[in-house]
Amino acid sequence: MSTHSRWSIDLAHSEIAFKVRHLMIAHVKGTFNIFDANIYTTEKDFTTAEIDVFIDAASINTGETTRDEHLKGEDFLDVAKYKQITFKANTIEKARGEGKHDLWGDLTIKGITKNIKLQVDFGGMLNDPWGKERAGFSITGKIKRSDWGLVWNAAIETTGLMVGDEITIYCEIELTNTGTSENAMELQNKPMQSASL
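A. Structural detail: the nonpolar core. Membership of the largest hydrophobic core comes to 43 residues, with the highest contact counts inside it found for Phe32, Leu77, Ile85, Phe87, Leu107 and Leu175. In contact with Ile85, other than residues within four places in its own chain, are Phe32, Val53, Phe54, Ile55, Ala57, Leu77, Leu107, Thr108 and Ile109.

The following block contains the structure:
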């Protein structure tokens, strides 16, 4: 019987971030400060991982309060009605070389679910000075916000549109092995915590 490992996100050393074109000449960057995940693997093989990620939509932070409030409103995330953004992985392809994988999964925003592909760069696995086993990943990808009904924009005479449609996702994730069992555990929602760097 296979051993299953449970992994938790080290929130102090992890980040979920994004950027989008502003005025079509520069980028606005932002993060989600509150998120968590349920992650299980067979043995320690991450290509077998069951992954459920939960993001508090209202924790969006672009460093500018007025803009953040607009992003939380009905024009964009509508956090009063849709409190979470979720991602559920369905396929992790074998490495193409040097620890690089394609990760496919269902991203749900504002109640709309679309299958997306992310690129995962496996940074390695080790035991930290306190005896905990850790694994690190860099994750990137691109989506179109309009696919999830995020279509608000404003016309600008000189550049066309104020906000680009393409969103670049980039995440740094550090995991800690929190235990093993002989049977796969059922995924359960758990309270999300705030990430801090």
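Structure shown, so let's carry the discussion forward.
B. Quick look at the pattern of salt bridges. Under the criterion given, the structure shown has 8 salt bridges. One salt bridge in this structure joins Asp52 and Lys88, with 3.3 Å as the shortest N-O distance. Of the two residues, Asp52 sits in strand E5 (residues 45-56) while Lys88 sits in strand E7 (residues 84-92), which places them 36 residues apart along the sequence. Look at Lys88 and you get partly exposed, because its relative accessible area is 42%. For Asp128, the salt bridge is made with Arg134, and the minimal N-O distance between the two is 2.6 Å. The pair formed by Asp128 and Arg134 is uniform in burial state, with each residue classed as buried. Connected through shared salt-bridge partners, Asp10, Asp128, Arg134 and Glu174 make up one network.

C. Highlighting the packing of aromatic side chains. Tallied over the full model, the rule gives 5 aromatic pairs. Note on Trp7 and Phe46: the rings are 4.9 Å apart at their centroids and 50 degrees apart in plane angle, and the pair reads as tilted. Placement of the pair is Trp7 in strand E1 (residues 4-9) and Phe46 in strand E5, with a sequence separation of 39 residues. Of the residues examined, Phe46 reaches a relative accessible area of 13% and is grouped as buried. A centroid spacing of 5.7 Å and a plane angle of 45 degrees characterise the contact between Phe18 and Phe32, whose relative ring orientation is tilted. Residue Phe18 is located in strand E2 (residues 15-22), and its partner Phe32 is located in strand E3 (residues 26-32); the two are separated by 14 residues in the primary sequence. Of the two residues, Phe18 and Phe32, both sit in the buried class. Through a chain of ring-to-ring contacts, the aromatic side chains of Trp7, Phe46, Phe122 and Phe137 assemble into a single cluster.

D. Just the pairing of E7, in detail. As defined by bridge partners, E5 adjoins E7 across 5 bridges and the pair is classed as antiparallel. Its bridge partner lying in E7, Val53 is registered against Phe87. Two elements, E7 and strand E8 (residues 100-109), share 6 bridges in a ladder whose sense is antiparallel. Among the inter-strand pairings, Lys88 is bridged to a residue of E8, identified as Asp106.

E. The arrangement of unusual backbone geometry in detail. For Glu43, which is not glycine, the phi torsion reads 55 degrees and is therefore positive. Looking at where Glu43 falls in the secondary structure, it is placed in the loop between strand E4 (34-42) and E5.

About the cut-offs
Residues numbered from 1 in each chain as written. Predicted model: local features only at pLDDT ≥ 70, side-chain atom pairs only at ≥ 80, totals over all residues. Heavy atoms only, no water. Core = buried A, V, L, I, M, F, W, Y, C linked by side-chain atoms within 4.5 Å. Buried < 20%, exposed > 50% of the residue type's maximum accessible area, 1.4 Å probe, protein only. Contact = heavy atoms within 4.5 Å. Salt bridge = Lys/Arg side-chain N within 4 Å of Asp/Glu carboxyl O. Helix = DSSP H or I, 4+ residues; strand = E, 2+ residues; numbered from the N terminus. Phe/Tyr/Trp six-rings, centres within 6.5 Å; stacked < 30°, edge-to-face > 60°. Pairing = 2+ DSSP bridges.

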